[in-house]
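Geometric and topological summary
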Amino acid sequence: MRLFPGDPVLFLYPFGIKKCSSIFSQNKPIKKEIAFYVFRTDLVGKGRWLSVGILLLILAIGIFLRTYRFHDFLLFEKDQVRDAALVEAVLHGLEPWPLLGPSMRGSGETKDELFRVGPVFVYFQILSAKLFGMRPTVLAYPDWLFSVLTLPLFFVVMHRLFSVPISILITALFSVAFFPLQYGRFAWNPNALPFFTLLFVLSLAAVLEKRDRTPWPAVVALGVAMGIGIQLHALALLSFSITLVLACGASFFLCVKKKEMNRSFSRKGFAIRFCVFLAVVGGLNAPQIESEVSSGFSNTRTLFSSPVREGKGSAFSVKGVAEALLCQAQANFHSISSLSGEECILPSKKLFASGTAGKKAREKTPFFFLAASLVFSLVGFFLCGRRFWRETDQAKKTLLGTFLLFSLVFFLLMIPILASGFLEYRYFLPVFFLPFLFLGFLFGSDHSRKSAARNIAALVLLGGFFYSNMSTIFTTYRTLSSGFGNDGHSVYLGEIEAMVSFLHRESSGAASISGKDDILKNLFPPLFFVAKQEGLSLSRGEEGEGTGVHLRISKRSGHNSKDADKKSCGSFGNFLVCRDEPPN
């Protein structure tokens, strides 16, 4: 049975079939074995509309997962409140449009010394709020939009490297992959990086291939990807810039070596395209450039004097590089499977120690995940390198080479960052594409028995990744829909609004709330912002302090679970909010 009639198709033939000349239009017998056959064509021909229909269905599923209950399940924490307060101040004319954007964690000793990225992320939010109103959900629309746009762009990029069925299968997996999916469902400055990373690599590869004859859309796309991408995160600023310089330098060197810099090369055409690229990047970064010039480039100096640099002394040792490779492997596997927690696991000496300490360390270490991560990434990098070395199609070779160069630059930048203790998988968001490339290259491209075994392995992995991601999605849905998403760290808008409604109902327009610091430090900022939008004056204070009715918030436990039945108490998942005094 054909999966994609008329397009590249994947066949599975069980034992016992001796002839299939009617299917293959060949008169050759087939041995009694499982065989996979891949027929390569484009999205044209007899079955193209079925292929397009399947792709549209995949895109629809991906959009649905990024949109369903977007408001209720919206992550709304301190960083989002900070950005929302700035946007609200700009809309009300209390603050000018900022020249710089969010600050970078760990880039300075104090908040005033932190490096700040460009303001484009805040500009997107301001424009969204102007169009649709000042609400927390509206501020996440730009990140949602770029997450949706990443789906078709991802297929386009994969189709440049793989056949249509492989591209569709990988895109189907990407559409349900929990790691990139979750970052398209709330507002945060790095969340749009998957889209702009793909756009940057794709357009840069086109420029490297065509040079002085690069189509204008590719030139403008590279300028847009560069101009916006470097404003979303400091890692993107460095990795995009270094990759661009190295790629262009390597391309120029190869041109000189091959003696291609002759009369056929239009210096004028190249110069015009280069000026247009600079104009697009400069125009998009005009506010940041203005800030740097007026401040004597103090923000740039902050970046290069970041405390993260302190890890460089030992970061590039054998141990530091090995731990970075292990962390990269885990991030790759997590990106495509959603397995493990939120940060890398680096085995320490305790793992091999004897006694109680060693036993506890081994019990907490998921050896299967570590082993699977290493094997998957090592095999994947080997397949990518071999394909790059053997590739005869210059366009594919250039695109794959650009991907690998960007990944290498990003990895080298991550070594000192990981050595400084920043182990969260979210830092690897710009290289989310790596494990999908690994899986794509695992599929065979010929009719050999070896290729059949690779196809079987790839399909088994594909099915396993589908299952693990869908399991994570359903588990997360059950948690959030039951109202137990807020855990003292993660804060979700739907649950916050339910709390504010209770506070509003129990007060007469003013209330103060108290609780343990480890609870309120994350819950109070979103509570305060939403309460303010609902016309409730909310303050933080101990009993007898603050204004209006006093309420206390605590984590639900066995000793206070009976309080949930009281009229003066409200139960909100993991938390309990109770009124200490009746309203006046």
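Structure shown above.
We now turn to the structure provided with this report. (Residues numbered from 1 in each chain as written. Predicted model: local features only at pLDDT ≥ 70, side-chain atom pairs only at ≥ 80, totals over all residues. Heavy atoms only, no water.)

**Focus on the overall build of the chain**
Tallying secondary structure elements over the chain gives 23 helices and seven strands in all. By the burial criterion, 50% of the 584 residues in the chain qualify as buried. Sequence separation of 24 or more characterises 74% of the internal contacts of the chain that already satisfy a separation of 6 or more. In the form shown here, the chain has an accessible surface area of approximately 28,200 Å², with 62% of it arising from carbon and sulfur atoms. (Helix = DSSP H or I, 4+ residues; strand = E, 2+ residues; numbered from the N terminus. Buried < 20%, exposed > 50% of the residue type's maximum accessible area, 1.4 Å probe, protein only. Contact = heavy atoms within 4.5 Å. Areas by Shrake-Rupley, 256 points an atom, 1.4 Å probe, with all protein chains shown as cover.)

**Describing the state of the cysteines**
Taken as a whole and judged by the stated rule, the model has two disulfides. The partner cysteine of Cys327 in its disulfide is Cys344, sulfur to sulfur 1.8 Å. Measuring handedness by torsion sign, the sulfur bridge of Cys327 and Cys344 sits at about 80° and is right-handed. Here Cys327, found in helix α16 (residues 318-337), pairs with Cys344, found in the loop between α16 and α17 (355-363); they are 17 residues apart in sequence, far enough to count as distant. Residue class for Cys327 comes out buried when judged on its relative accessible area of 1%. In this model, Cys569 is linked to Cys578 through a disulfide, with the two sulfur atoms separated by 2.0 Å. Since a negative S-S torsion denotes a left-handed disulfide, the Cys569-Cys578 link at about 115° is right-handed. Each member of the pair, Cys569 together with Cys578, is buried. For the chain, numbering the cysteines in disulfides from first to last along the sequence yields the connectivity 1-2, 3-4. (Disulfide = S-S within 2.5 Å.)

**Concerning the pattern of salt bridges**
Enumeration according to the criterion identifies five salt bridges in this entry. Note that Asp72 and Arg69 form a salt bridge whose closest N and O atoms lie 3.3 Å from each other. In this structure Asp72 comes out as partly exposed when scored by relative accessible area, which is 31%. Accessibility expressed as a relative area gives 31% for Arg69, which makes it partly exposed. Across the pair Asp79 and Arg82 runs a salt bridge, and its minimum N-O distance is 3.7 Å. Taken together, the residues span about one helical turn, with Asp79 and Arg82 both in helix α3 (residues 78-91) at a distance of three residues. Arg82 sits in the partly exposed class, given a relative accessible area of 35%. (Salt bridge = Lys/Arg side-chain N within 4 Å of Asp/Glu carboxyl O.)

**Regarding the sheet that holds strand β6 (residues 569-572)**
With respect to topology, five strands assemble into an open sheet ordered β4-β3-β5-β7-β6, the strand pairing being mixed. Each edge of the open sheet is held by one strand with a lone partner, namely β4 (537-540) and β6. Strand-to-strand twist of the sheet, defined as the mean angle between neighbouring strand axes without regard to direction, takes the value 25°. Taken together, the four bridges between β6 and strand β7 (residues 575-579) define a ladder with antiparallel strand orientation. Within β7, the residue paired with Phe572 across the bridge is Phe575. Seen against the sheet, helix α23 (residues 517-533) touches β3 (510-514), β4, β5 (549-555) and β7 and runs at an angle of roughly 165° to β4. (Pairing = 2+ DSSP bridges. Axes fitted to C-alpha atoms, helices over the stretch in contact; angles between N-to-C directions.)

**Remarks on unusual backbone geometry**
A positive phi angle, near 50°, is found at Arg69, a position not held by glycine. Relative to the helices and strands, Arg69 resides in the loop between α2 (48-67) and α3. Of note in the backbone geometry, Ser338 takes a positive phi value of approximately 65° without being a glycine. With respect to the element layout, Ser338 can be found in the loop between α16 and α17.

**What to know about the pairing of β3**
Counting buried positions over the five residues of β3 gives five, a clear majority of the element. Here β3 shows no split at all, with Ala510, Ser512 and Ser514 on one side and Ala511 and Ile513 on the other all buried. Note that β3 and β4 share four bridges and pair parallel. Bridge assignment links Ile513 to a residue of β4, and that residue is Arg540. Relative to β5, β3 is paired through four bridges, and the arrangement is parallel. Residue Ser512 lies in a different strand from β5, and its bridge partner there is His550.

**Here we look at the side chain of His550**
Examined against the element boundaries, His550 turns out to sit in strand β5. Since its relative accessible area comes to 3%, His550 is described here as buried. Polar side-chain contacts of His550 include one of 3.0 Å to the side chain of Ser514. (Polar contact = N/O pair within 3.5 Å; in protein donor to acceptor, adjacent residues only side chain to side chain.)

**So, the side chain of Arg185**
With respect to the helices, strands and loops of the structure, Arg185 is situated in the loop between α8 (178-182) and α9 (193-210). With no salt bridge to any partner, buried Arg185 finds its closest opposite charge in Asp72, at an N-O distance of 8.6 Å. Here Tyr68 takes part through its backbone oxygen, which lies 2.7 Å from a polar atom of the side chain of Arg185. Apart from residues no more than four positions distant in its own chain, Arg185 is found in contact with Leu65, Arg66, Thr67, Tyr68, Arg69, Phe70, Phe73, Leu74 and Leu75. (Lys, Arg positive; Asp, Glu negative; His and termini not counted.)

In short, the description is geometric, and any link to function would need to be established separately.
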